[in-house]
Structure formats: structure tokens, C-alpha cells
Amino acid sequence: MGSEIGVTGLAVMGQNLARNIARHGFQVAVHNRSESRTKQLIERYGDEGEFTPATTIEEFVAALDRPRRVVIMVKAGGPVDAVIDELVPLLDKGDILIDGGNSHFEDTRRRESALAERGLHFLGTGVSGGEEGALLGPSIMPGGPDDAYEPVAPILTTIAAQVDGTPCCAHIGPDGAGHYVKMAHNGIEYADMQLIAEAYDLLRNVAGYEPAQIAETFHSWNKGRLDSYLIEITAEILAHKDAATGKPFVDVVADAAEQKGTGRWTVQTALDLGVPVSGIAEAVFARAVSGHGELRRSAAGLPGPHPSVLDPRDAARFADQVEQALYASKVISYTQGFHQIQAAGAEFGWDIDLGAVAALWRGGCIIRAAFLDDIRAAYAADPALPGLLADQRFATGVGEAQHAWRTVVASAARHGIAAPGFSASLAYYDALRAERLPAALTQGQRDYFGAHTYRRTDREGSFHTLWGGDRSEVEA
Ligand code: NBP
């Protein structure tokens, strides 16, 4: 008997995923381009389950039962194509390739269709949860044909995180759907992280709290509606002291955030779809701003308000308002992220179950949060929900938070603290609920300089005003 599944690419993610598979009693063949990683895995963890180490890709493929199930866990981009090119001549019709990396969904669509022509199945599979998730149970988002998912479903659903007895793994849809949803997950993750960072900044520089006190504040928020992995780890990070200096850890880390690209992809593809993901975009831009050291230094002397912090009683009230602003802004980020997935589903013909997406993000992944249960329930009640704010629970929660949210955004401006995530989310909320938007004036301008025409509120049709002539209106 051979191995039921193989993993090639044994860096952080592949190694932990292979261990997770083996720990659940599946026989797993393991391979890596550089043999040292394979050896290390077997030396350190070989007793955790039934591994078959392979030195060459040929040995690796020969070790697998048919249909062969191969997880590719290498760096996204060219390396995935390189591994596919090596594997394809060794595979037979019906074999299944599972790309578990953060591949761009367009690459996944291309690979899926090219491999399908050769009778091979390809599952573009988002895996979230980092090192720990890969080992203990990630959130898994497979995309591809049904008949490719079915033979791997028993393994994937077993190794995934489990919440309330439900695996955090569900077939998302065809071709690029899984990687698209993983990308949107990462976009939402960027927004979540940015909003938390803004909350920290405001508590520190408006409320005047020290990191340890902010850690306590986050810790208490984690017992309420903001209960989530990211709030939990934020409390731990803020409580941590640097061993070398004794200072709060957050004060010794360089304030330039890096990124690997999935947040940027989310925004780029949202622009293509015309979906407003302003909260996610601001999060990506905030990281970009932080990294422009020279530009920041050149602006360091520009005037701002006189620094001041609130007195302790007002500070406590402000902290509560920040919690409300964080909740409301978070709802907006998810509203935008789910809108993007819904629009992509319509564009690419994916028919994605948004409630199922929310359910599989409840465990294993970086954005896991109690709040995802409410999103799951909202889409279960109405799968065609136009947006989260159309759900009564979210409408009420955000509505009740709106005064505090406005106070926080106004305080940020008054104190000269950048809060682009909170501000953009509030602007989105106000734009959605506005009875009339100034877009009417924009249409007028477009018609004036470009004869782009406009529609009227009182009758059907397209119209143009003769701006350069007698300013009469003509039907276009
Ligand atoms: P990396 O993204 O750092 O990739 C390293 C792996 O790719 C090594 O096994 C390396 O082999 C292999 N590789 C490269 Br580079 N070029 C190759 C080639 N031409 N042919 C064959 N193998 C090649 O690993 P990772 O951090 O484990 O991430 C794997 C995937 O999972 C990525 O797509 C990543 O974005 C995604 N992901 C990562 C995380 C995380 O927390 N790290 C979370 C979620 C998703 P070598 O050992 O011979 O150099």
C-alpha cells in the first residue's frame, strides 16, 4: 500500500501541513526540492505518523496511491508552475494536484484549465492559519471541479480546524474560487489589523494609556463582541516587554509595516470589479505610508494640533467609544469583503455560498472571530443579502455605535492622529445611507466636459445638456 496523499514543499506551511495529515492517521509522502528539509522533517517529527520521505520527484510520485493526491506547498508564482511542470509527465489522468499556497486566482484559473486539458484535476486551495494553523487545524478553502474535491474531502475536512463539530473546510466553487476567497480573507485581515492598530494609537495618544493598560483594555474587549484571535494576540503583544531594554515591545519595533501582496491583490481586483473596499484599501495604503521613511521624515516638522491627552475619567469613556468605533468599522470591512466575493462570484460564475465562507473562517484562520457566527447566520437567513448592513442585527449594532464612531473619528482629527480605517469605514456607512449623493453633480460635470450624458430622477432615458450652446436639454 502506498501513501494516500503527498506534500511537496516542506517550508513552514508544507512541513506543518504534512505533520497534521500524518497525525490524523493518513499515510503521507513528503518531498522538497532541497533534500535537507525532508530529512529534517523525518528526523524531528518522523515518529508522529506514517511518512514516506522521497528524495526525487519521481520517488515521490511513485510512493502515491491512485488517484494520486499531491499537495503543492511552495512559494506562490513561478515555483508553483515549476513544480507542476516537473509533476505532470509523471502523473496519470484523474490524478489531483492541490495548490495550497497563496496563488493569484488568475494563475489558478490558467493552471486549472491547462491541466484539465490533460485530464488532470487541479484544486486551487486557500490555507489560512500560518504555522500553527497548518499544524493544528487550518481554515481550508478549496476551489476546483467537484470530482477533484470529492476524493480529497475526507482528508481536508479531517485536518481542518473544527468549530462546533463543523470542519472549517468547504468546497468554495470552481477554478479560482478558493484562492479568490483566500485572497479576500487576507484583505479583510489587513483591514482588521489596521483597525486594531488605529484603536491602539487612539488609546495611547488620545486617552493617554500606556501599552500595558491598552493590553488590559484589549483583553476585556476580547470577552465581548470583538472576541477574536487578532484582538487576543494584540493584547499579548502589547503586554510583552522587550528583554534587552525592558521597554514595551511595541516601542522597540520599527514602525514600517511590510506586506507580501495578497492585500494589494484584493484591492486591485476590487477595482477591476468596481467594488468599494475602501477599508481594505486604506489598510494596504497605511502599510505603504509607514514604509516611506524618507517622505515621512521630510514631513516630520509640519504643523499639527498641540499634543494633549484626555483626563482619566474622559479617557475611560473614550476607550468605550473606541470599542464601538472598532466594532462598527469591522462590520464595514467585512461588508466590503463579502461584497467583493459576491461580485467576483457573479463575474466568474462561481455561485459562492457566503454563509459557508463565514462558517469556515470561524476557526483555524487569522480572522477567526465570534462575530463570524453572526455573519454566517445573516447569510443563512438570506443568501442573497445585499450587504451585512441589510441584516437587522448588524444594522442595529452599527446604528447604536454610530455616535461613538463619529466622536472617535472627530477626536482623531482633532488630535492629529491618522485613523484612515475608521474614517473610510464611517464615510462608506454615511455614503450608503445617504438619501442623495453628490454623484449627481459628478454626472453633471462629466456631461459638461465630456458629453457623457446623465439620467434623470423624474423620467427614463439618457440626456445631455448643450453646455456650449443654449443649455437646452436633448435626449441622448
Ligand atoms: P515559502 O513561500 O517560503 O516557499 C518556500 C518553499 O518553496 C520551499 O519548500 C522551497 O524549496 C520551495 N520552492 C521555491 Br522558493 N522555488 C521552488 C522551485 N522552483 N521548485 C520547487 N520548490 C521551490 O514557504 P511557506 O512560507 O511555507 O509558504 C508556502 C505557501 O503557503 C506560499 O504560497 C505562502 O504564501 C502560503 N502561505 C504561507 C503562510 C505562512 O504563514 N508562512 C500562511 C498561509 C499561506 P527549497 O527548500 O528547496 O528552497
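Structure: see above.
Note that the structure is a prediction, hence the values are computed from the model and not measured.

Thoughts on the pattern of salt bridges
Two side chains that carry opposite charge are able to pair once their charged atoms sit near each other.
(1) Moving on: Under the counting rule described, the total for this entry stands at 25 salt bridges.
(2) Moving on: When the shortest N-O distance is used, the salt bridge between Glu-210 and Arg-204 registers 3.9 Å.
(3) Moving on: Using a relative accessible area of 18% as the deciding quantity, one classes Arg-204 as buried.
(4) Moving on: For Arg-393, the salt bridge goes to Asp-374, with nearest N and O atoms at 3.4 Å. Highlighted residues: Arg-393 in helix H18 (residues 392–415) and Asp-374 in helix H17 (residues 371–381), separated in sequence by 19 residues.
(5) Moving on: Accessibility expressed as a relative area gives 52% for Arg-393, which makes it exposed.
(6) Moving on: For Asp-374, a relative accessible area of 22% translates into the label partly exposed.

Details of the sheet that holds strand S11 (residues 462–465)
(1) Moving on: Spatial strand order, S10-S11-S12: three strands in an open sheet with antiparallel pairing. Strands at the two margins of the open sheet, each flanked by one partner only, are strand S10 (454–455) and strand S12 (473–475).
(2) Moving on: The pairing of S11 with S12 spans three bridges and is classified as antiparallel. In the strand pairing of S12, Phe-463 is matched with Glu-475.

A word on the site of the ligand
(1) Moving on: By nearness alone, 20 residues border the ligand, and Met-13, Asn-32, Ser-34, Arg-37 and Asn-102 come closest of all.
(2) Moving on: In the environment of the ligand, an oxygen atom lies 3.5 Å from a nitrogen or oxygen atom belonging to the backbone of Ala-76.
(3) Moving on: The fraction of the free accessible surface of the ligand (900 Å²) that becomes covered by protein chains is 77%.
(4) Moving on: The set of elements that each furnish at least two residues to the shell around the ligand consists of helix H1 (12–23) and helix H4 (78–87).
(5) Moving on: The class makeup of the residues in the shell around the ligand is eleven nonpolar, six polar and three charged.

Reading guide: rules and limits
- Residues numbered from 1 in each chain as written.
- Predicted model: local features only at pLDDT ≥ 70, side-chain atom pairs only at ≥ 80, totals over all residues.
- Heavy atoms only, no water.
- Salt bridge = Lys/Arg side-chain N within 4 Å of Asp/Glu carboxyl O.
- Buried < 20%, exposed > 50% of the residue type's maximum accessible area, 1.4 Å probe, protein only.
- Helix = DSSP H or I, 4+ residues; strand = E, 2+ residues; numbered from the N terminus.
- Pairing = 2+ DSSP bridges.
- Near = heavy atom within 4 Å.
- Polar contact = N/O pair within 3.5 Å; in protein donor to acceptor, adjacent residues only side chain to side chain.
- Areas by Shrake-Rupley, 256 points an atom, 1.4 Å probe, with all protein chains shown as cover.
- Nonpolar A, V, L, I, M, F, W, Y, C, P; charged D, E, K, R; others polar.

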